[in-house]
Amino acid sequence: MKMIVWMGLVLGALSAAGDVIIGKVGDTRELLCGDGSMQPTLSWYRGNELISGYTSKGIPRKGAGDIARRSSLRNKLLKISDLTEADGGKFRCNVDGTDKAVHTLVVISVWVTPSGALLVGSAATLQCKVSKLDSGPSVEWTGPDGQSHKESQVVLSAVAASDAGSWQCKIIYEGTVIHTESLNIAVTEPALATTKSTTRSNSKGDVDNPTCLNCDTLPSDAVFLGLKWWIWLAIGVSSIVVILLIVCVIVTCIRIRRKKSNIPDRAVDWIFSHLDDLESMDVSEGGRSAAESEGGRDPPPGPRVRDGPGKYELFAFVSHMGTSTMCGHYVCHIKKDQQWVIFNDQKVCASEKPPKDLGYLYFYRRVAE
């Protein structure tokens, strides 16, 4: 009878024994309970935390944790997606109140800082991180030269060329190496600054000293803000041309405007500078002088106007109100029936003190003797 009891305990322990499952951060892993056949009541736990399972009536149920959200259960197969470092631990498959399988999930992540190729002489850190379990596991590194490092973090204060190659991170659980993860390290030499120099030879064929010890030239593929240097050069030249054109247009407009604004002033200056010629001219009807009329054909019939006495009377003048001739307002004063009247657009009224000294244009008429 005792023999039968001992055999039952041994078989139960063997059936509950599970595997050590290794997974990397971001991987997907599957855990199997028994032979995979459907059981009336089945539940998966991580420690005492419910992940997923079925009730006695076959109704699915799920835990409230993050790992439960990323897990799915089909029959007795538990599938965990997007592994994280916190997912490591003991997973129990409980069927009808009995643990049928206990699996150990170990989540590892291996990396080097900084990433990419390492420069000779620079500092770097190798990390091999394993999810924490109740009884381990432990981690150790083995370098390309075979030297062992009994810690999960290896600090290289000055990277050497001999550090290039495959580094092995060994996961040791309960005294046995259960997994080895490789990390390939590439080491490069730092780029050396080069200088360009030009040499010349004399008439004897000897090479003189370099004429330039550090003649750095702009590389043809130099890029600034996504554009090559010759594109920036073209943009700069085009901008200068556009600015010059704008300046030329502005100067031309100003000169034309000044010429147009000076036409009345130039006409008045010409009149006052030729007063003597105007007084000696006999103007006939049609705008021709008397000399032209007499020297040519006979003048047309009708009255002829000749110069009379040089006495004139001011009967109207135009004045300007404003800061310059280019802006402001013009008004007119006219003498009617010995009374001065101001005409300001639609407003017409008598002017007691007309500003005769501020006139812009004056009108005179000859006074009969």
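Residues numbered from 1 in each chain as written. Predicted model: local features only at pLDDT ≥ 70, side-chain atom pairs only at ≥ 80, totals over all residues. Heavy atoms only, no water.

1. Topic: unusual backbone geometry
Phi is mostly negative for residues that are not glycine, and the peptide bonds are mostly trans.
Alright, step 1. Pro114 follows Thr113 through a cis peptide bond whose omega is 0 degrees.
Alright, step 2. Locating Pro114 in the fold gives a position in the loop between β9 (98–113) and β10 (118–119).
Alright, step 3. Residue Asp345 is not a glycine yet carries a positive backbone phi of 55 degrees.
Alright, step 4. Structurally, Asp345 is set in the loop between β22 (339–344) and β23 (347–350). (Helix = DSSP H or I, 4+ residues; strand = E, 2+ residues; numbered from the N terminus.)

2. Some remarks on the state of the cysteines
Simply put, disulfide is the name for a covalent bond between the sulfur atoms of two cysteines.
Alright, step 1. If you walk through the whole model with that rule in mind, you get 2 disulfides.
Alright, step 2. A sulfur-sulfur separation of 1.8 Å characterises the disulfide bridge that pairs Cys33 with Cys93. Linking Cys33 and Cys93, the disulfide has an S-S dihedral of approximately -90 degrees and is accordingly described as left-handed. Taken together, the residues Cys33 in the loop between β2 (29–32) and β3 (42–46) and Cys93 in strand β8 (residues 89–95) connect sequence positions 60 residues apart.
Alright, step 3. Take Cys93: its relative accessible area is 0%, and that puts it in the buried class.
Alright, step 4. Two residues, Cys128 and Cys169, share a disulfide whose sulfurs are 1.7 Å apart. (Disulfide = S-S within 2.5 Å. Buried < 20%, exposed > 50% of the residue type's maximum accessible area, 1.4 Å probe, protein only.)

3. So, the side chain of Ser43
Alright, step 1. Looking at the element boundaries, Ser43 is found in strand β3.
Alright, step 2. Owing to a relative accessible area of 4%, Ser43 belongs among the buried residues under this scheme.
Alright, step 3. Separated by 2.5 Å, the side chains of Ser43 and Arg61 make a polar contact.
Alright, step 4. Setting aside residues up to four positions removed in sequence, Ser43 forms contacts with Leu50, Ser52, Gly53, Tyr54, Arg61, Arg92, Cys93 and Asn94. (Polar contact = N/O pair within 3.5 Å; in protein donor to acceptor, adjacent residues only side chain to side chain. Contact = heavy atoms within 4.5 Å.)

4. Digging into the nonpolar core
Alright, step 1. The biggest cluster of nonpolar side chains holds 19 residues, and the ones touching the most others in it are Val112, Leu126, Trp141, Trp167 and Ile171.
Alright, step 2. Among the elements of the structure, β9, β11 (124–130), β12 (138–142), β14 (153–156), β15 (165–173) and β16 (176–185) are those that each provide at least two residues to this core.
Alright, step 3. Within the second largest apolar cluster, 18 residues are counted, among which are Trp44, Ile51, Leu83 and Cys93. (Core = buried A, V, L, I, M, F, W, Y, C linked by side-chain atoms within 4.5 Å.)

5. Let's talk about the UniProt feature "transmembrane region" (unreviewed entry) in the chain
Alright, step 1. Per the UniProt record, the feature "transmembrane region" (unreviewed entry) sits at residues 229–254.
Alright, step 2. Across residues 229–254, the secondary structure splits into 100% helix and 0% strand, with the terminal C-alpha atoms separated by 38 Å. (UniProt positions renumbered as here; feature names shortened; annotations may be inferred.)

6. Describing the sheet that holds strand β7 (residues 77–80)
Alright, step 1. Read from one edge of the open sheet, 3 strands run β2-β7-β6, paired in antiparallel fashion. At either margin of the open sheet sits one strand with a lone partner, and together these are β2 and β6 (71–74). Across this sheet, the average inter-strand angle for adjacent strands is 20 degrees, counted without regard to direction.
Alright, step 2. Here 4 bridges tie β6 to β7, and the two strands are oriented antiparallel to one another. Across the sheet, Leu73 pairs through a bridge with Leu78, a residue of β7. (Pairing = 2+ DSSP bridges. Axes fitted to C-alpha atoms, helices over the stretch in contact; angles between N-to-C directions.)

7. Considering the pattern of salt bridges
Alright, step 1. The full count for this structure, using the stated rule, is 12 salt bridges.
Alright, step 2. Between Asp87 and Arg70 there is a salt bridge whose closest N-O contact spans 2.9 Å. Residue Asp87 is located in the loop between β7 and β8, and its partner Arg70 is located in the loop between α2 (66–69) and β6; the two are separated by 17 residues in the primary sequence.
Alright, step 3. For the salt bridge of Glu313 with Lys335, the shortest nitrogen-to-oxygen distance reads 3.6 Å. One end of the pair, Glu313, is in strand β20 (residues 312–324); the other, Lys335, is in strand β21 (residues 327–336), and 22 residues separate them in sequence.
Alright, step 4. A residue is classified by how much of its surface remains accessible, and Glu313, at 25% relative accessible area, is partly exposed.
Alright, step 5. On the basis of relative accessibility, which here comes to 21%, the residue Lys335 falls in the partly exposed class.
Alright, step 6. Connected via shared salt-bridge partners are Arg46, Glu49, Asp66, Arg69, Arg70 and Asp87. (Salt bridge = Lys/Arg side-chain N within 4 Å of Asp/Glu carboxyl O.)

8. Things to note about a nonpolar patch on the surface
Alright, step 1. Nonpolar side chains collect at one region of the surface, where Trp229, Trp230, Leu233, Val237, Val241 and Leu245 lie side by side and expose about 610 Å² of accessible area between them.
Alright, step 2. Tracing the sequence through the fold places Leu245 in helix α3 (residues 229–261). (Patch = residues over 30% accessible without salt bridge, like charges linked within 9 Å, V, L, I, M, F, W, Y side chains within 5 Å. Areas by Shrake-Rupley, 256 points an atom, 1.4 Å probe, with all protein chains shown as cover.)

9. Some words on the pairing of β20
Alright, step 1. Judged from the 7 bridges that link them, β20 and strand β24 (residues 359–366) form a sheet pairing that is antiparallel. Its bridge partner being in β24, Val318 is matched across the sheet by Leu361.
Alright, step 2. Here β20 pairs with β21 via 7 bridges, running antiparallel. If you follow Ala316 over to β21, its bridge partner there is Ile334.
Alright, step 3. In this structure, the hairpin formed by β20 and β21 is closed by a connection of 2 residues.

10. Regarding the pairing of β6
Alright, step 1. Of the two faces of β6, the one lined by Ser71 and Leu73 is fully buried and the one lined by Ser72 and Arg74 carries no buried residue.
Alright, step 2. Taken together, β6 and the strand that follows it, β7, pair antiparallel across an intervening segment of 2 residues, in which Asn75 is found at a positive phi of about 55 degrees.

11. Describing the sheet that holds β24
Alright, step 1. Spatially, 5 strands are ordered β23-β22-β21-β20-β24 in an open sheet, and the strand pairing comes out antiparallel. Strand pairing shows two members of the sheet lacking a second neighbour, β23 and β24, which therefore form its edges. Each strand of the sheet is rotated relative to its neighbour by a mean of 20 degrees, with strand direction disregarded.

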